[in-house]
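# Residue-level structural notes
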Amino acid sequence: MAKSRFEYVKAFETEDRLDPKHWIVVALRHRRYDELADTYDLEKPNDKRLVQLFEASARSVMGEFKELVLGYGFGGEFSLAFAKNTTLYRRRAPKLLTNLCSLMASSFVQLWPHHFEGLSLLDPPSFEGAVHLFPDDQSLRDYMTQRQLACHHRNLNNTVLWSLVRECGLAVDEAQGVVRGATSEGDKNEILFSRCNKNYNKEEDVFKKGSIIVRTSTQASVRTPAGSVTQRNQSCLTNLCFDFVKDQFWSEIFVLDQPTKVNAKTNYLKDFEKKAKLLPHSWIVIRIDGKGFHKFSEKHSFAKPNDIRSIELMNRAAKRVMEEFPDIVLSYGQSDEYTFVIDRYSRMLDRCASRNMSSIVSLFGSTYVHNWTEVFDDTPLQYSPAFDARAVLYPNNSCLRDYLSWRQADCHINNMYNTCFWVLVQEGSRSRQEAEGELRGTFSRDKRDILKEFNREYDKEDALYRKGTIMYRDELQNEESEATQASGTESCRGSRNISVEHIDMIGDAFWEQRPWILGKERTVRTLEDIDY
Ligand code: GTP
Ligand code: MG
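First things first, this report covers the structure right here in the doc. (Residues numbered from 1 in each chain as written. Chains lettered and ligands numbered in written order. Predicted model: local features only at pLDDT ≥ 70, side-chain atom pairs only at ≥ 80, totals over all residues. Heavy atoms only, no water.)

## Focus: the overall build of the protein chain
Within the protein chain, the regular secondary structure consists of 20 helices and 13 strands. For 532 residues, the compact-globule estimate of 2.2 N^0.38 gives 24 Å, and the C-alpha radius of gyration of the protein chain, at 26 Å, lies within 12% of that figure. In terms of overall dimensions, the protein chain has C-alpha extents of about 85 × 80 × 45 Å along its principal axes. The burial tally for the protein chain puts 51% of its 532 residues in the buried class. (Helix = DSSP H or I, 4+ residues; strand = E, 2+ residues; numbered from the N terminus. Rg over C-alpha atoms; globule rule 2.2 N^0.38 Å. Buried < 20%, exposed > 50% of the residue type's maximum accessible area, 1.4 Å probe, protein only.)

Structural data, given as structure tokens:
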């Protein structure tokens with residue numbers, strides 16, 4: 001396939017490979033978990049259906065990613081550990097993180113109706129993710145034990161709180177005061193026992209200890225196509241409730257190579273989180289791309305070369321992302337990819353690379369699935385798609401423009417090729433191989449000629465397919481601008497209308513007519529100017 005002159009911008013992309021022989025743990029957290037109980041009128045402090053939905057979503061992620069060997073979750077979080085020696089995606093942290101994160105979110109949406117029958121999901125979720133890299137078995141054990149301890153504290157507090165409200169008739173803030181006043185665990189157990197007649201030990205294990213999912217491998221007899229029987233390694237996922245603090249888990253259930261022991265000091269673990277900050281004052285580009293969309297499009301009988309329904313779904317998901325994150329100034333989509341450009345001066349999610357990538361990709365994936373039935377009508381969704389994301393920094397406006405030009409040129413090159421290819425196959429009765437042969441080595445001019453033979457003119461094809469989709473915020477009105485500056489916030493941005501266009505942004509005209517998108521460059525002289 002031809003290449004454009006903008007390809008050089010690929011040089012700004014980084015690899016971010018994780019060290020070999022370390023445990024990779026991806027921790028995912030529902031961004032609005034605390035609002036779910038009130039929004040859906042769920043049982044407090046724990047709703048079994050929600051716990052099971054989280055478990056099922058994590059199971060579906062572990063089912064898809066066979067290299068995940070251990071999962072642990074409670075509340076709105078789930079941590080997933082890869083086999084220590086995994087070479088999946090050559091250990092690129094953003095790719096591992098974002099694939100899991102988007103699949104978790106899209107599975108959550110797809111599985112919701114199975115767990116909440118008759119209750120519609122109103123808002124697709126977004127998950128924030130982090131990558132932890134642990135150098136030895138002890139730190140993996142310490143991490144999991146620490147998360148289970150957090151589960152215990154959270155659940156004990158919430159059980160006391162909601163028991164006081166329900167059983168003793170206290171107001172919520174009154175009950176919160178009581179919980180705050182009870183400093184030790186003993187105090188909390190005592191309050192539960194004496195005031196609410198409840199024994200914490202008798203609460204359900206899954207609420208007290210969280211959900212563990214372990215991959216175990218077994219030998220199974222499999223019949224080969226030739227009819228003989230061979231032994232194969234088969235893995236299966238098991239749900240458990242167990243104490244990570246006990247040696248037995250690590251020596252019998254999830255057997256570690258190195259000897260480990262109970263360790264009360266887990267503060268050191270925070271240094272193992274990969275927390276790359278995105279450089280200040282650089283444009284942040286988050287590009288997401290559908291995982292295995294070639295297969296996904298075949299499985300769901302997408303029209304060739306372009307399926308308007310898929311584009312509609314991608315655009316709806318992108319719009320939702322822009323509504324959620326007001327600092328995204330522009331987005332651009334084509335095929336199974338979408339680019340989000342975050343204002344270079346934004347402090348969105350602390351400019352933390354993982355938080356930005358995971359929040360965007362998961363909201364995108366969950367919205368895609370949430371809108372599926374409305375857009376695809378009678379084509380049922382067979383499985384949840386995953387998307388990956390990467391974050392790339394561009395230091396100035398010209399690089400950013402070249403990046404966007406690169407993606408739009410790519411859209412043009414691919415679409416012209418695909419349009420010709422499918423015209424030859426569908427209208428010219430060529431086999432796929434013949435069409436491929438006929439197009440090999442052709443230039444743009446040749447392809448236009450081929451189309452003319454079928455009475456089609458490339459420039460008259462739908463601009464949606466030729467140019468892709470650009471979304472950007474309209475210009476800030478004067479009074480809004482003043483209000484924004486006066487309040488020192490960017491809150492007005494989110495309420496601005498989002499324009500959707502299918503036009504050229506490689507030339508200067510697009511940018512000259514909309515100067516507010518790139519804005520003015522700020523001069524930095526002191527640390528305060530950087531605002532960090
Ligand atoms: P990875 O991204 O590496 O996981 O592979 P992928 O299969 O997603 O391929 P890639 O992202 O390179 O390309 C996207 C693929 O999605 C295209 O090659 C098409 O097969 C498919 N695709 C995207 N949009 C459409 C569409 O509108 N119609 C059809 N038929 N296919 C589409
Ligand atoms: Mg793809």
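Back to the write-up after that little detour.
## Things to note about the side chain of S362
Following the sequence through the fold, S362 ends up in helix α11 (residues 353–370). A polar contact is formed between the side chain of S362 and the backbone nitrogen of F127, at a distance of 2.8 Å. Dropping the residues within four chain positions of it, S362 is found in contact with C101, S102, A105, P125, S126 and F127. (Polar contact = N/O pair within 3.5 Å; in protein donor to acceptor, adjacent residues only side chain to side chain. Contact = heavy atoms within 4.5 Å.)

## Re the pattern of salt bridges
Scanning all chains against the criterion turns up 42 salt bridges. Here E438 makes a salt bridge to R430, at a shortest N to O gap of 2.9 Å. Look at the salt bridges and you will find they share partners, linking R29, R31, R32, E35, D123, E128, R320, E324 and R355 into a network. (Salt bridge = Lys/Arg side-chain N within 4 Å of Asp/Glu carboxyl O.)

## Focus: the coordination of the magnesium ion (ligand 2)
Protein ligation of the magnesium ion (ligand 2) involves D289 (OD), G290 (O) and D336 (OD), the donor distances falling in the range 2.1 to 2.2 Å. Note that the magnesium ion (ligand 2) binds six donor atoms; their angles at the metal cover 82 to 177°, and the shape is octahedral. The sequence motif formed by the donor residues of the magnesium ion (ligand 2) is D-G-x45-D. (Donors = N, O, S within 2.8 Å, 3.2 Å for Na, K, Ca; no water. Tetrahedral: all angles 85-135°; square planar, octahedral: opposite > 155°, others 65-115°.)

## Digging into helix α10 (residues 308–324)
In an α-helix, one full turn covers 3.6 residues, which means residues spaced three or four apart are oriented alike. An ideal rise of 1.5 Å per residue puts 24 Å on 17 residues; α10 measures up with 24 Å between its terminal C-alpha atoms. Turning to α10, its buried residues number three or more, namely S310, I311, L313, M314, N315, A317, A318, R320, V321, M322 and E324. (Expected span 1.5 Å × (residues − 1).)

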